[in-house]
Amino acid sequence: MKNITVIGAGTMGNGIAHVFAMKGFAVVLVDISQAALDKALGTIEKNLDRMVRKEKISEADKAATLRNVVTSTDLASGVKNADLVVEAATERLDLKLKIFKQIDEAAPENAILASNTSSISITKIAAATNRPEKVIGMHFFNPVPVMKLVEVINGYGTSKAVTAEIMELSEHLGKVPVEIKDYPGFAANRMLMPLLNEAFYTLYEGVAGVQEIDTVMKLGMGHPMGPLQLADFVGLDVCLAILNVLKDGFGNPKYAPCPLLVNMVAAGKLGRKTGEGFYNYQGAGKDLVVAEQFA
Ligand code: CAA
């Protein structure tokens, strides 16, 4: 594989482009918004700068990585030479089905089509294409250049050869892939989201405050981030979408999203990306500041 096309220039898309480009792949990063593409290139550069500062890569590695990424606002031309397409668009089934139909029409016949979806059925996505055996989940974790895990999700019709190729490719990227079956939330979010949801309820019911909840999990369980900070980091809209997939997919109300989460998403408080969630990220400084609502 040489040519990788990444669809979606958000947090996950730019991270995925970053790791492929750093390994020497030719990456086309596609988004409908030129502003999003420009911002993504800036983020990749900033993250490469950090790696240079930490002496993990050289200035020459940084320059080579940046040279390996080109951008496009046209999906059809962006995928036309792809060996692998990794879709990392917004977490909405209707959007993903539309995108996969377009990719299937424009990408070479032998290209593998992967989705970075965090919970939407790979089998459903594959059904929008004429190549279900070549459709697979490749679920990276944020921050992509740092987190080692890739969940490799086999849809109902994914061929064994395609799975083997994606497992090998993930290892080549320096990641640790694990094979997962295609059920709601796969493995990671089936376990993570109930934990985050319980943290939302713990706050909502007034059992403890924002900092107290996060301190419990950081210092009591050794988590690098508390669950509320992690939810802000993931995006509260993403958490809500995944909880709904779990609730509907299993038909089990135990996954019902906490009303506080629902309200925060309705208010546009989506976490770090909008400047406020459980914490407020607008001030300078590195210290976490609890959002006014919860102070
Ligand atoms: N790009 C490149 N490198 C980065 C980076 C980025 N965006 N962000 C941090 N780093 C590197 C730093 O350079 C640093 O490297 P060294 O250890 O070699 O010095 C290392 O990561 C740690 O960074 P910091 O010291 O700045 O900060 P930290 O110790 O607080 O770690 C963190 C930051 C890695 C994000 C850590 O807090 C963490 O692991 N948090 C939990 C992240 C997590 O759970 N992610 C999964 C979210 S769920 C998901 O993504 C999937 C889903 O479907 C919802």
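No experiment lies behind these values; they were computed from the predicted model shown. For every chain, the first residue of its written sequence is number 1, and the numbers climb from 1 along that sequence. Side-chain atom pairs in this predicted model are given and counted only at pLDDT of 80 or more, local residue features only at pLDDT of at least 70, and totals for whole chains, interfaces and linings cover all residues. Note that the side-chain values use all heavy atoms of the structure and ignore hydrogens as well as water.

S.K.: Explain the site of the ligand to me, please; I cannot follow it from the model alone.
M.R.: Taken together, 18 residues lie near the ligand, and Lys-54, Lys-56, His-139, Asn-142 and Asn-189 sit nearest. Measuring from a nitrogen atom of the ligand, one finds a backbone N or O atom of Asn-142 at 2.7 Å. Here the accessible surface of atoms and residues is derived via Shrake-Rupley with a 1.4 Å probe, and residues count as covered only by protein chains that are part of the display. Relative to its unbound accessible area of 1,000 Å², the ligand is 70% covered by the protein chains. Working definition: helices are DSSP H or I runs of at least four residues, strands are E runs of at least two. Numbering for both runs from the N terminus. Within the residue set of the shell around the ligand, elements represented by two or more residues are α2 (34-53), α8 (188-204) and α10 (227-234). Across the shell around the ligand, the residue classes break down as ten nonpolar, five polar and three charged. Delimitation of the domains relies on an automatic or database domain assignment. Split by domain, the residues of the shell around the ligand number at least three in each of domain 1 (3-181) and domain 2 (189-294). The criterion for a residue being near a molecule or strand is simple. One of its heavy atoms has to lie within 4 Å of it. What qualifies as a polar contact is a pair of N or O atoms within 3.5 Å, subject to a donor-acceptor requirement within protein and to the restriction that residues adjacent in sequence count only when both atoms come from side chains. When residue character is reported, Ala, Val, Leu, Ile, Met, Phe, Trp, Tyr, Cys and Pro are called nonpolar, Asp, Glu, Lys and Arg charged, and the others, Gly included, polar.

S.K.: Sorry if this is basic, but what is going on with the sheet that holds strand β4 (residues 84-87) here?
M.R.: Backbone-to-backbone hydrogen bonds pair the strands of a sheet. The strands run either parallel or antiparallel. At least two bridges found by DSSP between two strands are what make those strands a pair. The strand order across the open sheet built from eight strands is β3-β2-β1-β4-β5-β6-β7-β8, with neighbouring strands paired in mixed fashion. For this open sheet the edge positions go to β3 (69-72) and β8 (176-181), each flanked by a neighbour on one side alone. Strand-to-strand, the axes of this sheet are offset by a mean angle of 25 degrees, without reference to chain direction. Bridge analysis of β4 against strand β5 (residues 112-115) gives four bridges, and the strand direction is parallel. The convention used is that axes are lines fitted to C-alpha atoms, helices contributing only their stretch in contact, and that angles between N-to-C directions extend from 0 to 180 degrees.

S.K.: Sorry if this is basic, but what is going on with the environment of Tyr-156 here?
M.R.: By the secondary structure assignment, Tyr-156 is in the loop between β7 (149-154) and α7 (160-172). Taking the relative accessible area as the measure of exposure, Tyr-156 reaches 79% and is therefore exposed. Distance in space between the C-alpha atoms of Tyr-156 and Lys-181 is 8.5 Å, their sequence separation being 25 residues. The classification of residues rests on relative accessible area computed with a 1.4 Å probe and restricted to protein chains. Under 20% of the type maximum is buried, over 50% is exposed, and intermediate values are partly exposed.

S.K.: It is not clear to me how the pairing of β4 should be interpreted in this structure. Could you clarify?
M.R.: Put simply, side chains in a regular strand alternate between the two faces of the sheet. Residues Leu-84 and Val-86 point to one face of β4 and Val-85 and Glu-87 to the other, with burial holding for every one of them. Pairing of strand β1 (residues 3-7) with β4 involves four bridges; the strand directions are parallel. Across the sheet, the residue bridging to Thr-5 is Val-85, located in β4. Considered for its hand, the β-α-β crossover made up of β4, helix α5 (residues 93-106) and β5 is right-handed. With its strands directed away from the observer, a crossover is right-handed exactly when the path from the first strand over the helix to the second travels clockwise.

S.K.: Where do I start with the side chain of Asn-189 in this structure?
M.R.: The residue Asn-189 is located in helix α8 in this model. We classify Asn-189 as buried; its relative accessible area is 5%. Within polar-contact distance, the side chain of Asn-189 engages the backbone oxygen of Ser-118 at 3.0 Å. Here a residue-residue contact requires only that any non-hydrogen atoms of the pair lie within 4.5 Å. Look past the residues within four positions of Asn-189 in its chain and what remains in contact with it is Ser-118, His-139, Pro-194, Ile-242 and Leu-246.

S.K.: Where do I start with the domain arrangement of the chain in this structure?
M.R.: One widely used convention gives an interface's size as the accessible area the parts lose upon coming together. Domain parsing of the chain yields domain 1 (3-181) and domain 2 (189-294). For domain 1 and domain 2, the distance between their C-alpha centres works out to 26 Å. Contacts between domain 1 and domain 2 engage six residues on the former and six residues on the latter. Once two parts are brought into contact, the accessible area they lose, counted with a 1.4 Å probe and summed over both, makes up the buried area. Of the roughly 530 Å² buried where domain 1 meets domain 2, counting both sides, 58% is carbon and sulfur surface. Of all residues in domain 1, Ser-118, Ser-119 and Asn-142 bury the most surface against domain 2, accounting for 63% of the area lost on that side. Salt bridges are defined by distance alone: a side-chain nitrogen of Lys or Arg within 4 Å of a carboxyl oxygen of Asp or Glu. Where domain 1 packs against domain 2, one counts zero salt bridges. Residue composition of the side of domain 1 that touches domain 2, by class: one nonpolar, four polar and one charged.

S.K.: Looking at this structure, how should I read the environment of Met-225?
M.R.: For Met-225, the location among the structural elements is in the loop between α9 (210-221) and α10. Using a relative accessible area of 22% as the deciding quantity, one classes Met-225 as partly exposed. In this structure, the C-alpha to C-alpha distance between Met-225 and Thr-215, residues ten residues apart in sequence, is 8.7 Å. The contacts of Met-225, once residues within four sequence positions are left out, are Lys-218, Leu-230 and Phe-233.

S.K.: Quick question: what am I supposed to make of α9 here?
M.R.: At 3.6 residues per turn, the α-helix brings residues three or four places apart onto the same side. What a helix is expected to span follows from its residue count: subtract one and scale by 1.5 Å. Compared with an ideal rise of 1.5 Å per residue, which puts twelve residues at 16 Å, α9 spans 16 Å between its outermost C-alpha atoms and is within 8% of the ideal. Within α9, burial applies to Val-210, Ile-213, Asp-214 and Met-217. The buried residues of α9 occupy an angular sector of 95 degrees when the element is viewed end-on, so they sit on one face. Of the exposed residues in α9, the ones pointing more than 90 degrees away from its buried face are Leu-219 and Gly-220. Tucked into the core, α9 has its buried residues touching α8, α10, β9 (279-280) and β10 (289-290). Here the arc refers to the directions that run from the helix axis out to each C-beta atom.

S.K.: Sorry, what's going on with the nonpolar core here?
M.R.: One broad trend across soluble globular proteins is that nonpolar side chains are buried collectively. If you look at the biggest cluster of nonpolar residues, it comprises 36 residues, and the most contacted ones within it are Ile-16, Phe-20, Leu-84, Met-138, Phe-140 and Ile-166. Not counting residues up to four positions away in its chain, the partners in contact with Ile-16 are Val-6, Val-86, Ala-88, Asn-116, Phe-140 and Val-144. Residues Met-193, Ala-199, Leu-243 and Phe-278 belong to the second largest nonpolar core, which totals 25 residues. Note on terminology: a nonpolar core comprises buried Ala, Val, Leu, Ile, Met, Phe, Trp, Tyr and Cys residues joined through side-chain atoms within 4.5 Å.

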